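In case you want the letters, here they are:
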Amino acid sequence: MLWVKAFHIISLVCWFAALFYLPRLFVYHANSTDAESIARFKIMERKLYRGIMTPSAIATIVFGVWLVSYNPSYYMHAGWFHAKLALVLILLGYHHACGRLLKKFAEDRNTRSHVFYRWFNELPVILLIAIVILVVVKPF
């Protein structure tokens, strides 16, 4: 179980690193005006989303489900776990939203400013704080 937990945490760290970095790339991309920079950001965003972010999200979920399988009756009756699952679902929605925004940038259809992406970048921070507190403190 400790190996599964370790790999769950490693996957989570990789996923969040990408969730923090991709919107930051969007900030810079939205500010770019020259074709060379725009082309570079498109490549970086695509590789980050497909090569790191999505595989890390899948691994996080797989290892998380595996952890739950060790003691499902405990987790299914723990209030903190239900709250954590709700936040993970929101996080998956955020991940999907990043994918949609990535597609808009790839098609040169972005209409949002760098300021929007600076604010958009803050949501995973809030979710990470809440998830860690739920898992460590188990307040309910």
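You'll find the structure just up there.
Here, residues in each chain are numbered from 1, in the same order as that chain's written sequence. Local features in this predicted model are restricted to residues of pLDDT 70 or higher, and side-chain atom pairs are both shown and tallied only at a pLDDT of 80 or more, whereas totals for entire chains, interfaces and linings draw on every residue. As a rule here, side-chain values cover all heavy atoms of the structure and leave hydrogens and water aside.

## Observations concerning the environment of V27
Part 1: Mapped onto the elements of the fold, V27 is located in helix α1 (residues 2-31).
Part 2: Judged by its relative accessible area of 0%, V27 falls in the buried class.
Part 3: The sequence separation of V27 and L128 amounts to 101 residues, and the corresponding C-alpha distance is 21 Å.
Part 4: Whether two residues touch is decided by their heavy atoms; if any such pair falls within 4.5 Å, the residues are in contact. Setting aside its immediate chain neighbours within four residues, V27 contacts H114, Y117 and R118. Numbering goes from the N terminus for both helices and strands, where a helix is a DSSP run of H or I of at least four residues and a strand is a run of E of at least two. Whether a residue is buried, partly exposed or exposed follows from its accessible area with a 1.4 Å probe, protein chains only, as a fraction of its type maximum: under 20%, in between, or over 50%, in that order.

## What to know about the environment of R112
Part 1: Here R112 lies in the loop between α4 (79-106) and α5 (114-120).
Part 2: Under the relative-accessibility criterion, R112 is labelled partly exposed at 41%.
Part 3: Sequence separation between R112 and F26 is 86 residues; the distance between their C-alpha atoms is 9.7 Å.
Part 4: Not counting residues up to four positions away in its chain, the partners in contact with R112 are A30, L101 and Y117.

## Overview of the nonpolar core
Part 1: Residues enter a nonpolar core if they are buried and are Ala, Val, Leu, Ile, Met, Phe, Trp, Tyr or Cys, with the set joined through side-chain atoms within 4.5 Å. Ranked by internal contacts, the top residues of the largest apolar core, which has 32 residues, are L22 and M53.
Part 2: At the level of elements, α1, α2 (35-70), α4, α5 and α6 (123-137) are the ones that each hand at least two residues to this core.
Part 3: With eleven residues, α4 is the largest single contributor of residues to this core.

## Some details on α4
Part 1: Each residue after the first adds 1.5 Å to the expected span of a helix. For α4, built from 28 residues, the straight-helix expectation of 40 Å at 1.5 Å per residue is met to within 8% by its first-to-last C-alpha distance of 41 Å.
Part 2: A positive phi of about 55° marks D108, the residue just after α4.

## A closer look at the pattern of salt bridges
Part 1: Take a side-chain nitrogen of Lys or Arg and a carboxyl oxygen of Asp or Glu: if they are within 4 Å of each other, that pair is a salt bridge. Tallying each qualifying case throughout the model produces three salt bridges.
Part 2: E36 is paired through a salt bridge with R40; the nearest N and O atoms lie 3.3 Å apart. On the criterion of helical spacing, the pair formed by E36 and R40 is a turn pair, its members being four residues apart in helix α2.
Part 3: Take E36: its relative accessible area is 56%, and that puts it in the exposed class.
Part 4: Where E107 meets R109, a salt bridge forms, and the shortest distance between an N and an O atom there is 2.7 Å.

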